[in-house]
Amino acid sequence: MSYSSLRDCVDDLGRSGQLLVIKEPVDPYLEMAAIQRRIYAEKGPALYFSHVTGSPFPAVSNLYGTLERTQFIFRHTIEAVRKVIALKGDPTLLMQSPARYAPAGITAFKALPRRMRFHLPVLHTTTALSKLPQIVSWPGDGGAFITLPQVLTLPPGIRQPMQANLGMYRIQISGNDYKADKEAGMHYQIHRGIGVHHAMYNESEEPFRVSIFVGGPPAHSLAAIMPLPEELSELTFAGMLSGRRFRYAWKDGYFVSADADFCITGTIIKGVKKPEGPFGDHLGYYSLKHDFPVLKIDNIYHRKDPIWHFTVVGRPPQEDSSFGHLIHEIAGPLLPKEFPGILEVNAVDASGVHPLLLAIGSERYMPFRDRRPEEILTQANHLLGKGQTSLAKYLLIAASGDDTQLTTKDIPGFFNHILTRIDPTRDLHFQTKTTIDTLDYSGTGLNAGSKLVIATCGPTLRTLSKELPILNSRLVRDIKVVAPGILALSLPSHQNTEQTQKEVNELEASIDPQQLTGFPLIVLVDDARFLSASFNNFLWVTFTRSNPSHDVYGFGAFTEHKHWGCKGSLIIDARLKSHHAPVLEEDPETLKKIERHFRKGGALFGY
């Protein structure tokens, strides 16, 4: 079946026992988000909030709370979409299996956007920004945010939907210096599709019109974040995945999604920026207050029976993790075309996605000599130079052929493979004074930091140890083995890079090198016990709290013709720094308040 609306999907989940209805009033300030996080952690059902305090509109979250439910929602269309994407990646598949892939062209053709002149549910009536559910997810947030917006823009003078950019950029609808009911904050970067359009409008006299959709068929939300080839429109993808053409209309010069639950129209005020944020983000920290573009609200339309669709982000995994899994599942066939020689990639969700990318490449340069990283370095540069993978801060790439069972899906196994083969005198490749993810505060400025490629190819060089070594250093407050070959050391709080270098020198002078031959990676932390409690803790702390150029050290470090390496253990300083953003923490009072829903007689009893 295809869903013509968000309500169709909600009703379907209800019939299949995958929806919980909360009829009691729930406060959108912290309570709804706290409930969402708790139910998500329990792998619970989708949540329908019938009575949102201060708003006439019900809300739904956790639709994509499990991969199984996400696949259920798209169960009738996902296989057809996979075939279209596979054909995009390799057109010869049509010749090889015409019966299997011939319908793919029909699928894509039938999914082209459809202009509507009548039956426009979203234009039923209008409302005000302050009437929308004012959802604040974390106590330090600067106001209420739209967390699942579908933001559509077109280049100046263009009215062709196939040239539209549909993206997901957070929208702040209250707080800070925004004029109530008249302005909203738009958080996006210049390298995004909407940022390119913004630059065009700065050179144009035409007003920069923006349409923001909330709700509608669930495929529309996924289309807004799906990394697609340039020749495949997000609106076409939305039509394919929903099994229903993206219906649109024009209203007062704005592009309107006919099937959305809500449509906000407005114009970007050229030359004006206002502070946006803070916002508890998907890395597990607050993104801080910074100046971003401002949207002047024109109208807010909604259908007769709308549902406000939202999610809650924070330290992964969260509900948006299912998006990542589905993207890998759908977009996998595009990999060979987009990145020749790359066999697998995994943007590691537990690390916050962009801080850590794992990849398996192909090494074909040395048929007559010993294997070493060569071609995979070219492939690494390609990954760091294109699309979403360009945001990676740490890229660990291995060559296929050294282990036929190697996969990026087995993250501990992949680290084991890298650490047994890494030659730290040769395999570390830095990019300094470059851009990183705007939400990553490990660098020394907004959007500024560095990258490190660790590329391995060849036979195993060491056996990894899991026996706790004896270290006689006054600096070490605690020591834990995280996994074979990975050691966590609790040190005093971070001061500056000069002090860290002194600490590394003191550690090197006081530790017998033989104690560390099986530990090629050492992580300096505030709390070794926390880091070693789970592999996900290791991934999150290590790669969100370090900037490679400033926080990577090593025993026996040297610089040779501008190449940095080390002869002993590689060291990453993953302690909290003074310039880091605050860690997200639950509000204790809110946790007490929501307990009423989990007690006997409450809608969430049993979770």
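Predicted model only: the values in this text are computed from it and were never measured.

1. Description of helix H16 (residues 535-544)
Moving on, step 1. In terms of burial, H16 is a largely internal element, nine of the 10 residues being buried.
Moving on, step 2. Residues of H16 that are buried include every one of Phe535, Asn537, Phe538, Leu539, Trp540, Val541, Thr542, Phe543 and Thr544, and no others.

2. Brief notes about the sheet that holds strand S21 (residues 394-399)
In any sheet, the strands associate via hydrogen bonds between backbone groups, in a parallel or an antiparallel arrangement.
Moving on, step 1. Taken together, the five strands give an open sheet; going across it, the order is S19-S20-S21-S23-S22, and neighbouring strands pair in mixed fashion. Lying at the two open borders of the sheet, with one neighbouring strand each, are strand S19 (344-347) and strand S22 (428-435). Within the sheet, the average angular offset between the axes of one strand and its neighbour, ignoring direction, is 15°.
Moving on, step 2. The strands that helix H12 (residues 375-383) touches are S19, strand S20 (356-361), S21, S22 and strand S23 (448-456); relative to S21, the one it contacts most, it runs at about 145°.
Moving on, step 3. In the packing of helix H13 (residues 411-421) onto the sheet, the strands contacted are S19, S20, S21 and S23, and the crossing angle to S21 comes to about 75°.

3. Some words on the packing of helix H8 (residues 218-225) against helix H10 (residues 321-331)
Moving on, step 1. Where H8 contacts H10, the two axes come as close as 11 Å, and the packing angle between them is 75°. The pairing of H8 with H10 is recorded here as roughly perpendicular in orientation. Along its contact with H8, which presents Ser221, Leu222 and Ile225, the element H10 presents Phe323, Leu326, Ile327 and Ile330.
Moving on, step 2. When its residues are assigned to classes, the contact of H8 with H10 shows six nonpolar, one polar and no charged.

4. Concerning the sheet that holds strand S12 (residues 247-251)
Moving on, step 1. On the basis of which strands lie adjacent, the open sheet formed by three strands has the order S4-S12-S13 and mixed pairing. Among the strands making up the open sheet, the edge pair consists of strand S4 (114-115) and strand S13 (254-257).
Moving on, step 2. Both S12 and S13 contribute to a ladder of four bridges, which runs antiparallel. Bridging across to S13, Tyr248 finds its partner in Ser257.

5. Quick word on unusual backbone geometry
Moving on, step 1. In this model, Gly277 is joined to Pro278 through a cis peptide bond whose omega is -5°.
Moving on, step 2. Along the chain, Pro278 falls in the loop between strand S14 (262-276) and strand S15 (279-280).
Moving on, step 3. Across the junction of Pro316 and Pro317, the peptide omega takes the value 0°, indicating a cis bond.
Moving on, step 4. Within the secondary structure, Pro317 is located in the loop between strand S18 (308-309) and H10.
Moving on, step 5. The backbone of Lys43 shows a phi angle near 55°, a positive value even though the residue is not glycine.
Moving on, step 6. Its place among the elements puts Lys43 in the loop between helix H2 (31-41) and strand S2 (46-49).
Moving on, step 7. Of the residues examined, Lys43 reaches a relative accessible area of 68% and is grouped as exposed.

6. Some thoughts on the nonpolar core
Moving on, step 1. Grouped together as the largest cluster of nonpolar side chains are 52 residues, with contacts concentrated most on Leu63, Phe74, Phe237, Phe255 and Ile330.
Moving on, step 2. For this core, the elements supplying multiple residues, two or more each, are helix H1 (6-15), S2, helix H4 (78-89), H8, helix H9 (234-242), S12, S13 and H10.
Moving on, step 3. Not counting residues within four places of it along the chain, the set of residues in contact with Leu63 comprises Leu6, Cys9, Leu13, Ala46, Arg69, Ile73, His309 and Glu319.

7. Brief notes about the packing of aromatic side chains
For any two aromatic rings, the description comes down to two numbers: the centre-to-centre distance and the angle of the planes.
Moving on, step 1. Scanning the model with the defined rule gives 20 aromatic pairs in all.
Moving on, step 2. Seen from their ring centres, Phe145 and Phe279 are 4.6 Å apart, and the 55° between their planes marks the pair as tilted. Here Phe279 lies in strand S15 and Phe145 lies in strand S6 (residues 145-146), a separation of 134 residues in the sequence.
Moving on, step 3. Joined through ring pairs, the aromatic side chains of Phe213, Phe246, Tyr248, Trp250 and Phe255 make up one cluster.

8. Focus: the pairing of S23
Regular strands place side chains that alternate from one sheet face to the opposite one.
Moving on, step 1. Counting buried residues along S23, eight of its nine residues qualify, which places the element largely inside the surrounding structure.
Moving on, step 2. Here S21 pairs with S23 via five bridges, running parallel. Bridge pairing in S23 places Leu396 opposite Ile454.
Moving on, step 3. Pairing of S22 with S23, which is carried by six bridges, proceeds in the antiparallel orientation. Residue Thr435 lies in a different strand from S23, and its bridge partner there is Ala448.

9. Here's the deal with the packing of H8 against H9
A packed helix pair is summarised by two numbers, namely the angle formed by the two axes and the spacing between the axes.
Moving on, step 1. Running from N to C, H8 and H9 cross one another at 140°; their axes reach a closest spacing of 8 Å. One finds that H8 runs oblique with respect to H9. You can see that H8 and H9 cross each other, and the crossing is right-handed. Contact residues: H8 offers Ala219, His220, Leu222 and Ala223, while H9 offers Glu234, Phe237, Ala238, Leu241 and Ser242.
Moving on, step 2. Residue composition of the contact of H8 with H9, grouped by class: six nonpolar, two polar and one charged.

10. Some thoughts on the pairing of strand S28 (residues 557-560)
Moving on, step 1. Direction of pairing for S28 relative to strand S29 (residues 563-566): antiparallel, over a ladder of four bridges. Looking across to S29, one finds that Thr559 is bridged to Trp564.
Moving on, step 2. The turn joining S28 and S29, which pair antiparallel and follow one another in sequence, is formed by two residues; a positive phi near 50° is taken by His561.

What counts, and where the lines are drawn
Residues numbered from 1 in each chain as written. Predicted model: local features only at pLDDT ≥ 70, side-chain atom pairs only at ≥ 80, totals over all residues. Heavy atoms only, no water. Buried < 20%, exposed > 50% of the residue type's maximum accessible area, 1.4 Å probe, protein only. Helix = DSSP H or I, 4+ residues; strand = E, 2+ residues; numbered from the N terminus. Pairing = 2+ DSSP bridges. Axes fitted to C-alpha atoms, helices over the stretch in contact; angles between N-to-C directions. Contact = heavy atoms within 4.5 Å. Parallel < 35°, antiparallel > 145°, perpendicular 65-115°, else oblique. Nonpolar A, V, L, I, M, F, W, Y, C, P; charged D, E, K, R; others polar. Core = buried A, V, L, I, M, F, W, Y, C linked by side-chain atoms within 4.5 Å. Phe/Tyr/Trp six-rings, centres within 6.5 Å; stacked < 30°, edge-to-face > 60°. Left-handed = near helix turned anticlockwise from the far one by under 90°.

Read these as layout, nothing more, since geometry by itself doesn't imply function.
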